[in-house]
Each structure stands twice: as C-alpha cells, then as structure tokens.
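Working through the structure, step by step
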Amino acid sequence: MLATVLLLALPFCVAESASSYAGSTVADSYPPPGATNTAVDAYFPDASQVGYAGPTSTGAEPAAIVTAVPFSKVENIFPLSRPNSADGADSTFNVTRHWGNLSPMYSVESFGLPDASPIIPEGCGLNAVHLLMRHGARYPTSTGGIARLAADIHAAAVKEGFNATADLKFLATWTYKLGAEILTPFGRESLFSNGVAFRYRYGQLLNGFTDLPVFRTTSEDRMVDSALNFAAGFFDVRTYETDYHQEILIEEYNFNNTLAPYDVCPNENSVDIGYFGGTQANKWANIYLEDAQTRLQPMIQGFNLTISRLVYMQQMCAYETVALGYSKFCDLFTEEEWEGFEYYNDLVFWYSCGPGNPTSAAQGLGYVQELVSRLTHTPINVWNSSTNSTLDSSNITFPLNQPIYVDATHDVVISNIVTALNFTSLAATGPLPTDHIPPHRSYIASQIAPFAGQLVAQVISCPASEEPTHIRFLLNDGVVPLTGIHGCMEDSNGLCALPSFISGMHERIGEINYAHDCFANYTMPDPDNIIDGRYPS
C-alpha cells in the first residue's frame, strides 16, 4: 500500500515536460453561442412587472467627508490574492504597491502634509467637489510587449531544446489568458466601489442640483465601462441610467478632448519626445534586472531571457493578478527587484508624461482651463489647447453650475494634469537619475496614477477665515500642498484661498505654450533637467 501511495505522488515531484502549447493564447466567451433566447423572456419579468417591492422610502444623503472621523482608507485588493516576492513570503512587503501605474489604487498617507486629513477641516463646510478618475484595472494594451512575450515563449516551445525547470517550470504548460484593453472584473468592481464610496462621502451635494448631473468620459470601451460602473455604484444599479447624463467624448486622433489630449499633440506621439521615458527607464532596467537575469536564465533553455523580457514578466505579474486573481510570475522577483520595477515605471512617467517631459503641461492645459471655467462659472472663450470648442461652448454638454463634477480619463493624463496644475511638491526632488533610486524621492507613479486612481478638488467654505472660500486637492486620498501655485500659502490642511488659486491658475495657463510644446520642431534637451513639464524657454 505504501508503494502505491509513493507512485501516485511521484508525478507531482518531477519537473513538468514542455508542451508545444506553452505560451499559446487562450480565450473564453460568455454567454455561450445560442444561449440568448428572447422567446423565454416572458417567463422572467423584471421587478417593475412583478411588483410587491415592499417599503421603498429613502433616507438622508450621507456626507462622510465632513462627518466621518477617522477617514476610511483603501488598503487591500480583495478579492485578488496578494502576491509574494521571491525572497519575502508572508512579509510586510506589498508587491502590488510597486507596480507603478499598474498598481491598484491605495490611499496615500501624505504628500508632505502629515497632519492633513481628507476629512473637511473642522469649522468648514463643503460647497462642491471635482473628481478626475482613472479607469479601472484592464488587460494589457494591444501594442504592449506582454502579448509579444507570450508569442515568443510559444515560438520557442514548439522547437527542439525548449525546457523550463525550477522556478520557471510552470512556463512549460503556461498559456496566455489575457485579453486586450478592456476592463477586468476587478477593474469593474473597483469603479463600482469607488462610486459607492463617493456617494457616502459627497452624496449630500446632490441636494444642490436643479437638473440631472452631466458626467464625462471618453469613447474607449474601458473608459465607458469605468464611467458606467462608477455611476451604478454612485446612484443605483437599477436607476443610474436615468439619474444622470453620461457624456462620451470621442477619443481618436484629431478630435479635441481634454481627457485624451495626446490625440491632438503630435510631439507627444513622437518616439524621441513622447516615448523618452521608455528610453530612460531602459537604462535603469539594465542595472536593476542584471541579477535576475543571472539567476533565472539557467532555469530555461531554448529561450533567451533578455532584460526587456524580464520587464515584460514583471508586467505579466501585475496584469495576470488583476485579470485572473493570481500570477506565478510574481514569485520570480525579489523585493529589491520589485522596488527596481517601481522606479522603472517612475522613470517612464516622469520623462514621458510628467514633470520631465516638455509636452506634459501643454497636454494638461485644457483640463486646467475647464477647471477654472467651472470654478468661476465663466464660459471658456479662448481655444488654444485640447479643449473642444463645440462641447465646451454649450451649457448642456459643459454645465458650469454643478456641485459635483465627475470626469474619467487615463493614467498619463492625470500625470499631465497634476503637472499643469504645478503641484511642485511632486517634483521637489528634481529630475530622476537612471543609474540609482534616489532616497526619499517625491515622484512615485503608483501614488499618482494607479488603476482607479482619483484626483479630487474640494471647494470648501470656512466662515471664520479671512477668505471664506478655499480649495484643496486630494490625490488618491493624500492631501497635496499647493505652494507651487502663485498666491497659495503654506497651510497644514493644504488649503488655498479660492481667489488666489484662480489667479495662480490664470498665471500658470499664461506660462504654458501649447502651440510650441505640442507642435514645434525640437529635440529633447540633453541633459533633460525639465521639472515643470514645459520646454525650456
């Protein structure tokens, strides 16, 4: 009997043999073909037809952002499995917070104001809120290297000599199960939950509406789904479609759209300028992944683990986790290598769409102009950026009297906008080096533009103050200092008098040369010491 047990256990102890389907793409489709049968719909009437709903009276709108102390933070990734690093099983090190823009959103503790809370300061009240949010977790983009990595593995697996062992033995039977571009289930859930949280925090502002709200998003599939999932959480899954107006801005080349400004900024789409962050990040990848390459290459034959493929494997960890709930790629890299990957993404963002790129402020300019228009209740009358004159000239598609504004956009655009807003605290430690991680750096992509990230502007009344109306910004729940804006003084709660902020924004808008930075024929400065997102004058 013992011998039988040992024989049964043996296959689980040996290395898996390489399969010819390793790296091949697997996709499922639901509902199954032919499952939709309208002939049976009459058997399943909806709730309005069934009736018998029971009592349906509503209560008062919540205002937790004013009343709820302590503030409720985003701290976990349920229902995803939290991955471990190669050397840190069950440690306090959180791999998911080192994925840069691929990290799920988490509450940032501080951007330099440790005593500030997202809760409205005592003695003040809330007038309005402006939300700019990133779409939820998605599959990789169709132009990225993730699918190419899988195709390369599959091409190697069908040839003689491919063999994966030790920590890489899973590749012998691994298949590529990711789609492209659209939201994952976790991405949908995150935006729904954000909508629920936003209703708890700011729901009382709905009492200030005299007409239905207008919320905006762009036409890409994941953008529409993110907006709708947020609305279903904020309003109600059965009524949200009639509770507000969803404006969908065309996201395509040559269509002006402040939520996708790269489509009308040619320099952003040039390899030398717009993709400069990748050039800088690759210099760092050759350093931080050197040990991983030495460690992992002996575990696989017939497949060359280049540095770029190792970067793709780290990205695969993030994408598989948010799509499938778990990824074996995560365990391949040490804590130090995950810190290196985080910094790799910081470099991409700093030099491609953050303070270090000369097109960043120009791309964020249009949204800043829209924000000032909303804050001053004054229509835009100068069209010198990515603003859409057709839509923004209409009080139907661009109302100026809402106490709640909600716009959905992309990670790079949030990075553009915080640069255009001149949040200098994020750039305080200056240009990022490509040969080491600087201590105490101020620019961390996972804190700026993670999946389902949020930039919130709170318009606040403080009657006891010399200036009664103020504004402040929360970036993923962290209060941002506004001292980089002319006229905004140091404040422990991050407050700036609204007239001073508006004046400072007019000045900032005047500094940004959209026509030059997006359209002029220039090359990247060498060295690139830009820290304000504008081409040096």
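Our subject in this report is the structure included herewith. (Residues numbered from 1 in each chain as written. Predicted model: local features only at pLDDT ≥ 70, side-chain atom pairs only at ≥ 80, totals over all residues. Heavy atoms only, no water.)

**Quick word on the overall build of the protein**
Within the protein, the secondary structure is distributed over 18 helices and 10 strands. Scaling as 2.2 N^0.38, a compact globule of 537 residues should have a C-alpha radius of gyration of about 24 Å, and the protein matches this with 25 Å. Oriented by its inertia axes, the alpha-carbon framework of the protein measures out at about 85 × 70 × 45 Å. Buried residues in the protein amount to 53% of all 537 residues. At a minimum sequence separation of 6, the contacts of the protein that also span at least 24 residues come to 78%. Surface summary for the protein: the accessible area is close to 24,400 Å², and the carbon and sulfur share equals 54%. Computing the positive centroid from 24 side-chain charges and the negative centroid from 55, the protein places the two 5 Å apart. (Helix = DSSP H or I, 4+ residues; strand = E, 2+ residues; numbered from the N terminus. Rg over C-alpha atoms; globule rule 2.2 N^0.38 Å. Buried < 20%, exposed > 50% of the residue type's maximum accessible area, 1.4 Å probe, protein only. Contact = heavy atoms within 4.5 Å. Areas by Shrake-Rupley, 256 points an atom, 1.4 Å probe, with all protein chains shown as cover. Lys, Arg positive; Asp, Glu negative; His and termini not counted. Charge placed at Lys NZ, Arg CZ, Asp CG, Glu CD.)

**Brief notes about the environment of serine 117**
Mapping serine 117 onto the fold places it in the loop between α3 (64-67) and β1 (125-134). With 360 residues separating them in the primary sequence, serine 117 and aspartate 477 have C-alpha atoms 8.3 Å apart. In contact with serine 117, other than residues within four places in its own chain, are Phe71, Arg472 and Val479. A distance of 3.0 Å separates a polar atom in the side chain of serine 117 from the backbone nitrogen of isoleucine 119. (Polar contact = N/O pair within 3.5 Å; in protein donor to acceptor, adjacent residues only side chain to side chain.)

**Section: helix α11 (residues 307-324)**
Residues spaced three or four apart along an α-helix point in a common direction, a consequence of the helix completing one turn every 3.6 residues. Relative to the 26 Å expected for 18 residues at 1.5 Å per residue, α11 spans 25 Å between its end C-alpha atoms, a close match to the ideal helical length. Counted residue by residue, α11 has 16 buried out of 18 residues, so it is predominantly covered. Two residues or fewer after α11 comes glycine 325, characterised by a positive phi angle close to 95°. (Expected span 1.5 Å × (residues − 1).)

**So, the nonpolar core**
If you look at the biggest cluster of nonpolar residues, it comprises 117 residues, and the most contacted ones within it are Leu168, Leu421, Phe423, Phe473 and Phe501. Here this core takes 11 residues from α11, the largest share from any one element. The next biggest cluster of nonpolar side chains, apart from the first, holds 36 residues, and it includes Phe198, Phe215, Leu474 and Leu495. (Core = buried A, V, L, I, M, F, W, Y, C linked by side-chain atoms within 4.5 Å.)

**Details of the layout of surface pockets**
Reported here for the largest pocket is a volume of approximately 1,500 Å³. Lining the largest pocket are 42 residues, with Arg138, Thr141, Thr143, Tyr275 and Val412 sitting closest to its centre. Only α9 (276-288), α11, α12 (335-353) and α15 (411-420) provide two or more residues apiece to the lining of the largest pocket. The class makeup of the residues in the lining of the largest pocket is 16 nonpolar, 16 polar and 10 charged. Volume-wise, the second largest pocket comes out at about 520 Å³. Lining the second largest pocket we find 28 residues, and of these Lys73, Val74, Ser193, Asn194 and Ala197 sit closest to its centre. Elements represented by at least two residues in the lining of the second largest pocket include exactly α3 and α5 (185-202). Per-element tally for the lining of the second largest pocket: the top contributor is α5, with 9 residues. By residue class, the composition of the lining of the second largest pocket is 17 nonpolar, 6 polar and 5 charged. (1 Å grid on protein atoms, 1.4 Å probe; cavity = no way out; pocket = protein on both sides within 12 Å on 5 of 7 lines; lining within 4 Å. Points joined across faces, edges and corners; volume = space filled by probe spheres on them. Nonpolar A, V, L, I, M, F, W, Y, C, P; charged D, E, K, R; others polar.)

**Details of the packing of aromatic side chains**
Under the criterion given, the structure shown has 24 aromatic pairs. When the ring of phenylalanine 198 is compared with that of phenylalanine 234, the centres are 6.0 Å apart and the planes differ by 50°; the resulting orientation is tilted. Placement of phenylalanine 198 in helix α5 and of phenylalanine 234 in helix α6 (residues 221-234) is noted, with a sequence separation of 36 residues between them. Note on accessibility: phenylalanine 198 and phenylalanine 234 belong to one class, buried. Ring centres of tryptophan 284 and tyrosine 343 lie 5.6 Å apart, and the angle between their planes is 90°; this geometry places the pair in the edge-to-face category. Taken as a pair, tryptophan 284 in helix α9 and tyrosine 343 in helix α12 lie far apart in primary sequence, 59 residues in all. (Phe/Tyr/Trp six-rings, centres within 6.5 Å; stacked < 30°, edge-to-face > 60°.)

**Describing the state of the cysteines**
Among covalent bonds in proteins, the disulfide is the one between the sulfur atoms of two cysteines. Enumeration according to the criterion identifies 4 disulfides in this entry. A sulfur-sulfur distance of 2.1 Å marks the disulfide that ties cysteine 124 to cysteine 462. Handedness of the cysteine 124-cysteine 462 disulfide follows from its S-S torsion of about 105°: it is right-handed. Placement of cysteine 124 in the loop between α3 and β1 and of cysteine 462 in the loop between β7 (454-461) and β8 (469-475) is noted, with a sequence separation of 338 residues between them. Take cysteine 124 and cysteine 462: they sit in the same class, and that class is buried. Across the disulfide, cysteine 488 is cross-linked to cysteine 496 (sulfur-sulfur distance 2.0 Å). Every disulfide takes its handedness from the sign of the S-S torsion; for cysteine 488 and cysteine 496 that torsion is -80°, giving left-handed. Ordering the disulfide-forming cysteines of the protein by sequence position, one finds them joined as 1-5, 2-8, 3-4, 6-7. Between cysteine 353, a free cysteine, and cysteine 265, which holds the nearest cysteine sulfur, the sulfur-to-sulfur gap is 12 Å. Exposure remark for cysteine 353: the relative accessible area of 3% places this residue in the buried category. (Disulfide = S-S within 2.5 Å.)

No statement about biological role is implied by the geometric values presented.
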